[in-house]
Amino acid sequence: MSDKPTLTTTAGAPLPDNQNSITAGPRGGVMIQDYQLIEKLAHQNRERIPERVVHAKGWGAFGTLKITGDISKYTKAKCLQPGAETPMLARFSTVAGELGAADAERDVRGFALKFYTEDGNWDLVGNNTPVFFVRDPYKFPDFIHTQKRHPRTNLRSPKAMWDFWSLSPESLHQVTILMSDRGIPVDPTFMNGYGSHTYSFWNDAGERFWVKFHFKTEQGHKHYVNEEAEKLIGKSRETYQEALFDKVETGQYPRWKVQVQIMPESDTGKTPYNPFDLTKVWPHSDYPPIDIGVMELNRNADNYFAEIEQAAFSPSNIVPGISHSPDKMLQARIFSYADAHRYRLGTHYEALPVNAPKCPVHHYHKDGQMNFFGQKTGATDAYYEPNSMGGAVEDKSAMEPPLNIEGAMARYNHREGNDDFSQPRALFELFDDGQKSRLFDNIAAAMGGVPGEIIERQLALFKQVHPDYEAGVRAALKEAHGYEANAISTPGTQSAAE
Ligand code: NDP
Ligand code: HEM
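You'll find the protein chain entered in an unreviewed UniProt entry as catalase, with Martelella endophytica given as the organism. You can read under Catalytic activity (unreviewed entry) in the UniProt record for the protein chain the words "2 H2O2 = O2 + 2 H2O". Per UniProt, the protein chain has the following entry under Function (unreviewed entry): "Decomposes hydrogen peroxide into water and oxygen; serves to protect cells from the toxic effects of hydrogen peroxide."

What follows concerns the site of ligand 2. Neighbouring residues of ligand 2: 25 residues in total, closest Arg52, Arg91, Asn127, Arg333 and Tyr337. Here a nitrogen atom of ligand 2 sits 3.3 Å away from a polar atom, N or O, in the side chain of Arg333. At 3.1 Å from an oxygen atom of ligand 2 is found a side-chain nitrogen or oxygen belonging to Arg344. Among the secondary structure elements, those contributing two or more residues to the shell around ligand 2 are β3 (109-117), β4 (120-127) and α8 (328-344). Residues that form the shell around ligand 2 fall into these classes: 13 nonpolar, 8 polar and 4 charged.

All right, on to the UniProt feature "binding site: heme" (unreviewed entry) in the protein chain then. Taking the UniProt record as the reference, the feature "binding site: heme" (unreviewed entry) is found at Tyr337. Not counting residues up to four positions away in its chain, the partners in contact with Tyr337 are Val125, Phe313, Ser314 and Pro315.

Before going further, it helps to examine the layout of surface pockets. For the largest pocket, the calculated volume is near 1,500 Å³. Lining the largest pocket we find 42 residues, and of these Asp119, Pro360, Val361, His362 and His363 sit closest to its centre. Those elements that provide at least two residues to the lining of the largest pocket are β4 and β10 (322-323). Among the residues making up the lining of the largest pocket, the classes are represented as 20 nonpolar, 11 polar and 11 charged.

A word on the site of ligand 1. With respect to spatial proximity, 20 residues lie near ligand 1, and among them His173, Arg182, Asn192, His221 and His284 are the closest. At 2.6 Å from an oxygen atom of ligand 1 is found a side-chain nitrogen or oxygen belonging to His173. At a separation of 2.7 Å, an oxygen atom of ligand 1 approaches a polar backbone atom of His284. Contact with the protein chains covers 77% of the free accessible surface of ligand 1, which is 790 Å². At the level of secondary structure, the elements contributing two or more residues to the shell around ligand 1 comprise α4 (172-179), β7 (208-217) and α9 (422-430). Per-element accounting of the shell around ligand 1 gives the leading share, 4 residues, to α9. Its residues assigned to classes, the shell around ligand 1 comprises 10 nonpolar, 8 polar and 2 charged.

Analysis parameters
- Residues numbered from 1 in each chain as written.
- Chains lettered and ligands numbered in written order.
- Predicted model: local features only at pLDDT ≥ 70, side-chain atom pairs only at ≥ 80, totals over all residues.
- Heavy atoms only, no water.
- UniProt positions renumbered as here; feature names shortened; annotations may be inferred.
- Near = heavy atom within 4 Å.
- Polar contact = N/O pair within 3.5 Å; in protein donor to acceptor, adjacent residues only side chain to side chain.
- Helix = DSSP H or I, 4+ residues; strand = E, 2+ residues; numbered from the N terminus.
- Nonpolar A, V, L, I, M, F, W, Y, C, P; charged D, E, K, R; others polar.
- Contact = heavy atoms within 4.5 Å.
- 1 Å grid on protein atoms, 1.4 Å probe; cavity = no way out; pocket = protein on both sides within 12 Å on 5 of 7 lines; lining within 4 Å.
- Points joined across faces, edges and corners; volume = space filled by probe spheres on them.
- Areas by Shrake-Rupley, 256 points an atom, 1.4 Å probe, with all protein chains shown as cover.

This is the structure in structure tokens:
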């Protein structure tokens, strides 16, 4: 007898042969009764699930959120009280690339966090940038289409990207960050994370505060310039997976300082910018960041597919003391993620071990595909609510304070009366000469093959941010592509121009 475990069928019966199919004579053919052959082939055909429609390529690890500061006057969230330690999962990702994309590509990085709190899962599904390309969720699918493949060439299309951006001035802030040094972090440990949206805190007294979350890298910022990244991708497409896995495996645990910016509810309407506009930050001088703790990643997943690929994050997952805000983008995301998970993973995605809360769960949802957990109502005969069988009941202490909203229902032009230039200008003015020159070069490089009409429209936007921005990109375009004002196009492949 071997001391190794016995190989069995999925039904648990011992399997006598895992090398040879059942055949009629040694040369075949194979018998349809070879159920284990059919089982093996059928399972293989079902090994892939749809990749995430965005943020498909990702790298993750588990860790802990430790709270050291005291923000109890703002929030009753148990996981944010002084001394609280909460197990968590982080998944970092690129946005546009597919599952097989190279890690070191210029792109925004996802920074998705799931905190397994005693009051249920709190997900903060952010990016490594504090702002986003669009401010109305109506435009999100259009924007993402410009980042994905052209329907005819099946190639990424710089023309589509710059066409959309040049017609959407609200994207300037995010485009400037994307094309800056921070557009290609060396690995996920060398970048900040941001909740990006305005969320809210509420306390036991029923007071609400608006809040922004920041995760500042303790490893420092490290980035690649385009040439370094291009060389690297030639050698390995998996540099983020390698780096994150190795650091966690060898005890070099990456850490982020956790900060919040707090705005009293009464300040709504008093700031020169809309505090719920995802294309804007709150300047630190107006709302200084407050240190509240540290996030550390210290455990690798044992199975990438089960724990990282099947992880399902959603901005709808909040816990008492933390809530949403009137940010239009956030509100659309509250719907979109659970909908995506039901399609990608299945009805009961929340019961998968990586997504399952680490606290008791009671609800009256019934049956459905892959319901392996039976009834979750807290009492055997209770399968509806209200009931007199002792089933789970609501908890009014989890009710957030009421929010005043007003206004006539209409499709308001979100581009009217919005200053899309001051904040990108503040960022541009932070850059030293080297950073500015790399910004110009990165933009010029990304514009290969783009028609002159689109380039001029984009240059006019850069000019409104700062005349030096426009002049710098124009000079870099000339240097990189010999581009002259109003030329028909920069040289580039025809396919890039599609
Ligand atoms: P501050 O001078 O107080 O802060 C500047 C911020 O810019 C820092 O958070 C810094 O991050 C960050 N930063 C530096 N280089 C880059 C880059 N290439 N891409 C993205 N962020 C970068 O300024 P303000 O608060 O007045 O904001 C000025 C501008 O800074 C904003 O318009 C915005 O573009 C940018 N910014 C502001 C943030 C905010 O929450 N206020 C957050 C991030 C960026 P770090 O501290 O890690 O070096
Ligand atoms: C992933 C929708 C904006 C960060 C996704 C997914 C969808 C989606 C459908 C795939 C989910 C999955 O299959 O698991 C949207 C919509 C948006 C929006 C409709 C705007 C209306 C944003 C913004 C951010 C963001 C503003 C960051 C601030 C992420 C991240 C992931 C993701 C990090 C990957 C999560 C993971 O690691 O599994 N988004 N998104 N998204 N999105 Fe968004």
